[in-house]
Amino acid sequence: MSQPPPTDAALVLFSGGQDSSVCLAWALDRYGRVETVGFDYGQRHAAELEARQRVRAEIGRGFPAWAGRLGEDHLIDIKSFGAIGETALTSDRAIEITGRGLPSTFVPGRNLVFLTYAAALADRRGLTHLVGGMCETDYSGYPDCRRETLDAVERALNLGMEQGFCIETPLMRLTKAETWALADRLGGETLTRLIVEESHTCYLGDRSLRHAWGYGCGTCPACELRARGWAEWRGEAVAT
Ligand code: ZN
């Protein structure tokens, strides 16, 4: 794949979690202008939304070359969509695997909705690349994270908006350990430490427990995935 011209501009779907923080760094490394969009769909906790602002601020402080490229942040209220999902993230249901084999944290079609809002915003802002942290490697049973789904969405958006958007998914084929390695390659220890300290992944919104891989309850599926990826990456780093 050839490098896009640095004059290209991108919109990163940015939740403040580990994956989208790496995507933000990836985009800042490639594009001349990068804006971020986040969605408030009635998350049970505000930790994620607070993490977004901390990660943006620290990336600006730690990477002067990227600071000039980092543009506006947009937060879109889609609480009415979250209400439809009625999942463990937005109500008091337990996090479990449902009868359909999907985690109860799954909001049906979430990425379809995110990308439609993002594309409408990108159209108005003159941004051509939509960057998201979707990944089918550590497959959690989210059918809207599959590249096949995203190819179909890209086609629908371009037809429906008379546009030439490109949906970029730099983490699609990476394991969680490889995502840590990508962060290291992009921004070294400054970036990996920033992601450990400031990004937020825990489904329960826990910021009171500090682990080597960051803050979180340590037992929810999101924490387990993050912890396992961290251990695998550190193990490899020690072995080489
Ligand atoms: Zn957790």
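Use the structure listed above.
What counts and how
Residues numbered from 1 in each chain as written. Predicted model: local features only at pLDDT ≥ 70, side-chain atom pairs only at ≥ 80, totals over all residues. Heavy atoms only, no water. Salt bridge = Lys/Arg side-chain N within 4 Å of Asp/Glu carboxyl O. Buried < 20%, exposed > 50% of the residue type's maximum accessible area, 1.4 Å probe, protein only. Helix = DSSP H or I, 4+ residues; strand = E, 2+ residues; numbered from the N terminus. Donors = N, O, S within 2.8 Å, 3.2 Å for Na, K, Ca; no water. Tetrahedral: all angles 85-135°; square planar, octahedral: opposite > 155°, others 65-115°. Pairing = 2+ DSSP bridges. Axes fitted to C-alpha atoms, helices over the stretch in contact; angles between N-to-C directions. Contact = heavy atoms within 4.5 Å. Parallel < 35°, antiparallel > 145°, perpendicular 65-115°, else oblique. Left-handed = near helix turned anticlockwise from the far one by under 90°. Nonpolar A, V, L, I, M, F, W, Y, C, P; charged D, E, K, R; others polar.

A. Highlighting the pattern of salt bridges. For the structure on display, the rule yields 15 salt bridges. The shortest N-O distance in the salt bridge between Glu35 and Arg33 comes to 2.8 Å. The exposure class assigned to Glu35 is buried, which follows from its relative accessible area of 2%. We classify Arg33 as partly exposed; its relative accessible area is 32%. Residue Arg125 is joined to Glu35 by a salt bridge in which the shortest nitrogen-to-oxygen separation is 2.9 Å. Of this pair, Arg125 sits in helix α5 (residues 110-125) while Glu35 sits in strand β2 (residues 33-40), and the two are 90 residues apart along the sequence. Within the structure, one salt-bridge network assembled from shared partners comprises Arg33, Glu35, Glu72 and Arg125.

B. Layout of the coordination of the zinc ion. Within the protein, the atoms that donate to the zinc ion are Cys202 (SG), Cys217 (SG), Cys220 (SG) and Cys223 (SG), at distances of 2.3 to 2.4 Å. If you look at the zinc ion, its four donor atoms make angles of 106 to 117° with each other, and the shape they trace is tetrahedral. As a motif over one chain, the donors of the zinc ion read C-x14-C-x2-C-x2-C. By relative accessible area, Cys217 is classed as buried at 14%.

C. Spatial organisation of the sheet that holds strand β1 (residues 9-13). As summarised here, the arrangement of the five strands in space is β3-β2-β1-β4-β5, forming an open sheet in which the pairing is parallel. Looking at which strands have only one partner, the edges of the open sheet turn out to be β3 (70-77) and β5 (166-168). When the angles between neighbouring strand axes are averaged without regard to direction, this sheet yields 25°. Where β1 lies against strand β4 (residues 129-131), three bridges are found, and the strand directions are parallel. The residue bridging Ala10 from the neighbouring strand is His129, located in β4. Those strands touched by helix α1 (residues 18-30) are β1, β2, β3, β4 and β5, and its axis lies near 175° from that of β1.

D. The packing of helix α2 (residues 47-62) against helix α7 (residues 176-198), seen in detail. At their nearest, the axes of α2 and α7 sit 10 Å apart, and the two run at 160° to each other. One finds that α2 runs roughly antiparallel with respect to α7. Two packed elements cross with a definite hand, and for α2 against α7 that hand is right-handed. On α7, the residues that touch Ala51, Arg54, Val55, Glu58, Ile59 and Gly62 of α2 are Thr190, Leu191, Leu194 and Glu198. Tallied by class, the residues present in the contact of α2 with α7 amount to five nonpolar, two polar and three charged.

The values are spatial; any link to function lies outside them.
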